[in-house]
Amino acid sequence: MVLDAENDQFLKGQPEKLHSALKSKSDLVTLTDAEGAGEHCHMGAMSRLHQVIFDWLDHTLVARRD
């Protein structure tokens with residue numbers, strides 16, 4: 001999983017480049033201002049960030065187990 005912030009003022013565009021360069025399957029997840037997580041490192045929205053990460057892990061690990 002590659003995380004992106006909608007209004008990242010420091011690394012704008014870098015998550016997309018990384019996602020495109022990865023050789024294995026990956027997911028690009030953009031967190032937005034509307035959900036309060038659009039700033040660099042998703043500041044101010046740690047609970048939303050954790051929800052996204054743990055939901056992705058749950059889905060990914062269950063899929064690999066099957």
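Residues numbered from 1 in each chain as written. Predicted model: local features only at pLDDT ≥ 70, side-chain atom pairs only at ≥ 80, totals over all residues. Heavy atoms only, no water.

### Overview of the side chain of His 42
Along the chain, the position of His 42 falls in the loop between strand E2 (28-31) and helix H2 (46-65). A relative accessible area of 6% places His 42 in the buried class. If sequence neighbours within four positions are ignored, His 42 has contacts with Leu 3, Asp 4, Ala 5, Leu 31, Ala 37 and Leu 49. (Helix = DSSP H or I, 4+ residues; strand = E, 2+ residues; numbered from the N terminus. Buried < 20%, exposed > 50% of the residue type's maximum accessible area, 1.4 Å probe, protein only. Contact = heavy atoms within 4.5 Å.)

### Comments concerning the pattern of salt bridges
Applying the stated criterion across every chain yields a total of 2 salt bridges. Between Glu 35 and Arg 48 there is a salt bridge; the shortest N-O distance is 2.5 Å. In this pair, Glu 35 is assigned in the loop between E2 and H2 and Arg 48 in helix H2, connecting sequence segments 13 residues apart. Overall, Glu 35 belongs to the partly exposed group, its relative accessible area being 28%. (Salt bridge = Lys/Arg side-chain N within 4 Å of Asp/Glu carboxyl O.)

### Description of the pairing of strand E1 (residues 2-5)
One ladder, built from 4 bridges, connects E1 with E2; its direction is parallel. Paired with Asp 4 across the bridge in E2 is Thr 30. In this fold, E1 hands off to helix H1 (residues 14-21), which returns the chain to E2; that crossover is right-handed. (Pairing = 2+ DSSP bridges. Right-handed = clockwise from strand over helix to strand, strands pointing away.)

### A short note on unusual backbone geometry
Positive phi, normally seen in glycine, also occurs at Cys 41, with a value near 60 degrees. You can see Cys 41 is positioned in the loop between E2 and H2. We note that His 42 has phi near 60 degrees; this positive angle belongs to a residue other than glycine.

Remember, this is a structural readout, not a statement about activity or role.
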